[in-house]
Amino acid sequence: MTMILDGKQTANSLMADLKTEVAAMKTRGITPGLAVVLVGDDPASAIYVRNKQRRAQELGITSVLRRLPSSATQAEVLAVVEALNHDDTIDGILVQLPLPEQVDPDAVIAAIAPSKDVDGFHANNVGRLWENNPGVVASTPYGIMALLKHYGITVAGKRAVIIGRSNIVGRPMAALLLNADATVTMTHSKTPDLFAVTREADLLVVAIGRAQFVTAEAVKPGAVVIDVGMDRNAAGKLVGDVDFDSVAKVASAITPVPGGVGPMTIAALMIQTVELAKRHHNG
Ligand SMILES: Nc1nc2c(c(=O)[nH]1)N[C@@H](CN(C=O)c1ccc(C(=O)N[C@@H](CCC(=O)O)C(=O)O)cc1)CN2
Ligand SMILES: [Mg+2]
């Protein structure tokens, strides 16, 4: 039987525990504060930001939204980040990506105080992760590790293959799996004979951004398959990077899209916001 790794249910269960924790912090006078910076009118980003704010509210985390128009200059975005760096009610800051093209995401991320960088994208936090001394870790890979743990799937000693080398998924995923004693191979769009490599994987993480790209022939029987993709198929339906129906027949465990990695990403953000608040308040 193939196990469906239900991210929605797992996130709900982790959030119930976190809610209790936030309530206890409040009795000690600590209220975690999250600031989300949203630039422009990308409709998908607006939905993700709304979901983050809703989750924060359910948990008792204070969440503030700083909205800027799509015409905002880099200096304007940097000024908003700078003000949040100095705001004592804010423990975590995130700038929703993608940014409009006139704004350099690297410059904006570098401007976030590393101690408030709740996305874990700042070079300080990236370096710490690769030194196996993590501070904050990017939400999507953190959420994937939490999902694996929830289902009792061990990583140590496994051959893990990642498709995709982005800063927000592939690279931090590799570091986390390496830190957890997996043998890690990174692959991408320029890897020759890609499926020959993926067929070696006990654990396959797919974040390539191509609808239903990974089919059963790419997967070793019994592998655990994690689908980070969010794509539209020809019929306009939301699908992942993995062809779920064919791969579910060979995998031992698989994440659905939607309801797999996405909800865990938001859960991870909430968990780490609370972590940062504790660190800031020694509580
Ligand atoms: N600053 C950041 N920007 C972006 C990040 C990030 O972690 N930090 N990740 C993605 C977007 N993202 C969160 O920001 C995100 C995307 C999707 C989901 C999610 O829950 N997806 C649902 C499906 C939603 C739908 O129906 O469209 C699911 O998979 O079930 C959560 C978070 C890029 N930008
Ligand atoms: Mg506070």
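Per chain, the residues get numbers from 1 upward, laid out in the order the sequence is written. Labels are handed out in written order, letters beginning with A for the chains and numbers beginning with 1 for the ligands. A pLDDT threshold of at least 70 governs which residues receive local features in this predicted model, and a stricter bar of 80 or more applies before side-chain atom pairs are shown or counted, although totals over entire chains, interfaces and linings include all residues.

The chain appears in an unreviewed UniProt entry as Bifunctional protein FolD from Lacticaseibacillus jixianensis. Under the heading Function (unreviewed entry), UniProt records this for the chain: "Catalyzes the oxidation of 5,10-methylenetetrahydrofolate to 5,10-methenyltetrahydrofolate and then the hydrolysis of 5,10-methenyltetrahydrofolate to 10-formyltetrahydrofolate." The annotation that UniProt attaches to the chain under Subunit (unreviewed entry) is "Homodimer." UniProt positions are given in the numbering used here, feature names are shortened, and annotations may be inferred rather than shown by experiment.

A.B. asks: Where do I start with the sheet that holds strand β3 (residues 62-68) in this structure?
C.D. replies: Within a beta sheet, neighbouring strands are joined by backbone hydrogen bonds and run either parallel or antiparallel to one another. By the convention used here, strands pair only if DSSP detects at least 2 bridges between them. Every helix listed is a DSSP run of H or I at least four residues long, and every strand listed is a run of E at least two residues long, numbered separately from the N terminus. If you trace the 3 strands from one edge of the open sheet to the other, you get β3-β2-β4, paired in parallel fashion. With one partner strand each, in any of the chains shown, β3 and β4 (92-95) form the two edges of the open sheet. The sheet shows a mean angle of 15 degrees between the axes of neighbouring strands, taken without regard to direction. Where strand β2 (residues 33-39) and β3 come together, 7 bridges link them in parallel fashion. Looking at the pairing, valine 37 lines up with arginine 66 of β3. Convention adopted: a line fitted to C-alpha atoms gives each axis, helices being fitted over their contacting stretch, and angles between N-to-C directions are expressed from 0 to 180 degrees.

A.B. asks: Help me out: how do you make sense of unusual backbone geometry in this one?
C.D. replies: Most peptide bonds take the trans configuration, and most residues that are not glycine carry a negative phi. Cis geometry is adopted by the peptide bond preceding proline 98, which originates at leucine 97 and carries an omega value of 5 degrees. Tracing the chain through its elements places proline 98 in the loop between β4 and α4 (105-111). Here the amide bond leading from valine 257 into proline 258 is cis, since omega sits at -5 degrees, within 30 degrees of zero. A positive phi angle, near 70 degrees, is found at aspartate 181, a position not held by glycine. Each residue is classed by its C-beta neighbour count within 10 Å, where at least 20 other C-beta atoms makes it buried, 12 or fewer makes it exposed, and intermediate counts make it partly exposed; the C-beta atoms are placed from backbone geometry. The exposed category is assigned to aspartate 181, around which 12 C-beta atoms lie within 10 Å.

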